[in-house]
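If you want the building blocks of each chain, they are given just below.
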Amino acid sequence: MSVLLPSRRDFLVFSSICSFASICKGGAISDISKAALGGQVTNTDSVFNIVAAPDSVQLGPQGHQPTAMWCFNGSYPGPSLRVRRGDEVQVKFINLLPEPSSIHWHGIRLLNAMDGVPGLTQPPVDPGKSFVYKFVCKDAGTFWYHPHLNSSEQLGRGLIGSLIVEDDTETEVDHDLTWLLSDLRLDQKGQIHESFGSIHDQAHAGRLGNVVFINGSLSDSWSVPYGGRIRLRLINGSNARLFRLRLNGPSVNQVAIDGHPVPPRVIREVDVLAPGQRIDLIFDLHTSEELEIEDHGNPDRAYFLAKIDIAKPSIGRGQWYGRNLKPLPANDIPQFQITEIPRLREIPLVLSGGAMSRQMSPQSVWQMNGRAPTMGHGPDHFGREPLFSISLNESVVLKLINQSAWFHPMHLHGVVFHELLGSDSLGPARDTLLLAPGQQKRVVLKAEFLGDWMVHCHILEHQHSGLMGYFRVSA
Ligand code: C2O
Ligand code: CU
């Protein structure tokens, strides 16, 4: 059980952070709401202003030096945006950072011009300038947003936020929680470590942080005000960390993956939650129960992430407790017949490079299909030509081949895809799929939207150093 595992404060490497972390324990959600929930924003007409700017954030309790970060609307993470399925969302993005930026809406199926990728779908938003994003959220579910320029550094300094699209019918839960999981690499003063652009991080497992946060908070005790049915939406917004979450306590159902509903199924652990991925869980919690969550992402350094319990004294029980759990209403995404798969065009995508490979050099850490895009994030970073092209409404099989010794959560913009499992079944709809070292996976997808769409590894240091390209959907 968790008592045998270190908590997050025990694995902090720096003593000054340890001291603030050790007193940052406990507290009901209401106590920590503002910082921890990132200032939740609900807006009936779905019009938001989002300002990216340097700011300082009190990651620990008062008395400790605030951390200089880059923030959306002054908080870490940025505001949790909540909209309804079918809403037209309008976001005025104002860039007050010292460098160009953008916002990408991870997992949202939208028109190419709103996808937020500078150099590919829009010009960069320069310092002092703004850009208005307008899109309709067709799919209900758990999504998130972040810049798509110099991503390793911009996300690594704090620019992340959640985007929750509610269904038009009410979800049958008493509490709806979102946990944006992240980590930061902090120095001994609790400031962002300036080791951006490290070739070592690029060639190995990416920029792993040394402090893990839940909604920007170090609290490992989260309470809901009364017992009932809880939906917990987990988002991995870290640059590089793979979470493997063991769930101790009541039985927990997974109900959605990468935003899209799956048939409810009891799980004892979240096998893996890679950067960019989401999973939604539903469970019932009785007054005397708690759900304890441990992270075994690194089996040698497992730790206690947090528990969810009922605040004492509790004030009754929610109406959905113990009721029959129905699947969430499906999103209208492309469906595939297993019999049509063999007739589809198959497109290979080979990932190579990284430490321990012969293809790696300081000029070219990673390659996609043997091609090494330039380093950094200039206009030709994507390579001048698309990696592959698809006709509008064409379905294809993409064969992802990981020839490297490293994990890669591969993310495609503008589509959802299903993994082909064996010869006769399809995995859940996803937008980000993890490939283990040496692994190959085939996915099927249908091109529904015109334009140039990114395909990249969501370990942002891999993305920065070659695992990033694009595909073209043409009429
Ligand atoms: Cu989460 Cu290309 O992005
Ligand atoms: Cu990668």
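Relevant structure appears above.
Just so it is clear, the structure is predicted and the values come from calculations on it, not from any experiment.

Draft legend 1. Spatial organisation of the coordination of the copper ion (ligand 2). For the copper ion (ligand 2), the protein coordination sphere consists of His408 (ND1), Cys457 (SG) and His462 (ND1), at 2.0 to 2.1 Å. We note that the donor set of the copper ion (ligand 2) lies within a single chain, spaced as H-x48-C-x4-H. Taken as a pair, His408 in strand E25 (residues 408–412) and His462 in helix H5 (residues 460–464) lie far apart in primary sequence, 54 residues in all. The pair formed by His408 and His462 is uniform in burial state, with each residue classed as buried.

Draft legend 2. Spotlight on unusual backbone geometry. Backbone torsion omega between Tyr76 and Pro77 reads -10 degrees, so that peptide bond is classified as cis. Tracing the chain through its elements places Pro77 in the loop between strand E3 (67–72) and strand E4 (81–84). In this structure, Pro313 follows Lys312 across a cis peptide bond, with omega equal to -10 degrees. With respect to the element layout, Pro313 can be found in the loop between strand E20 (303–310) and strand E21 (345–353).

Draft legend 3. Structural detail: the sheet that holds strand E5 (residues 88–95). Spatially, E3-E2-E5-E7 is the arrangement adopted by the 4 strands of the open sheet, whose pairing is mixed. Looking along the sheet, the strands with just one partner apiece sit at the ends: E3 and strand E7 (130–136). Adjacent strand axes in the sheet meet at a mean angle of 20 degrees, parallel and antiparallel pairs treated alike. Bridge analysis of strand E2 (residues 47–57) against E5 gives 6 bridges, and the strand direction is parallel. When the bridges of E5 are listed, Val51 appears paired with Ile94.

Draft legend 4. Examining the pairing of strand E23 (residues 388–391) more closely. What you see with E23 is a clean split: Phe388 and Ile390 sit on the buried side and Ser389 and Ser391 on the side with no burial. As paired elements, E23 and strand E31 (residues 468–474) share 4 bridges and run parallel to each other. In the strand pairing of E31, Ser389 is matched with Arg472.

Draft legend 5. The side chain of Asp284, seen in detail. Take Asp284: it is sitting in strand E18 (residues 278–285). At 2.8 Å, the side chain of Asp284 and the side chain of Arg229 are in polar contact. From its side chain, Asp284 meets the backbone nitrogen of Gly322 in a polar contact 3.0 Å long. With residues up to four places along the chain from it excluded, the contact list for Asp284 reads Gly228, Arg229, Pro250, Glu289, Trp320, Tyr321 and Gly322.

Draft legend 6. Here's a closer look at the sheet that holds E21. The strand order E22-E21-E24-E29-E26-E27 describes an open sheet built from 6 strands, whose pairing is mixed. Of all the strands in the sheet, just strand E22 (366–368) and strand E27 (425–430) have a single pairing partner and so form its edges. Neighbour-to-neighbour, the strand axes of this sheet turn through a mean angle of 25 degrees, independent of strand direction. Pairing of E21 with strand E24 (residues 395–402), which is carried by 7 bridges, proceeds in the parallel orientation. Bridging from a neighbouring strand, Ile347 pairs with Leu398 of E24.

Rules behind the numbers
Residues numbered from 1 in each chain as written. Chains lettered and ligands numbered in written order. Predicted model: local features only at pLDDT ≥ 70, side-chain atom pairs only at ≥ 80, totals over all residues. Heavy atoms only, no water. Donors = N, O, S within 2.8 Å, 3.2 Å for Na, K, Ca; no water. Helix = DSSP H or I, 4+ residues; strand = E, 2+ residues; numbered from the N terminus. Buried < 20%, exposed > 50% of the residue type's maximum accessible area, 1.4 Å probe, protein only. Pairing = 2+ DSSP bridges. Axes fitted to C-alpha atoms, helices over the stretch in contact; angles between N-to-C directions. Polar contact = N/O pair within 3.5 Å; in protein donor to acceptor, adjacent residues only side chain to side chain. Contact = heavy atoms within 4.5 Å.

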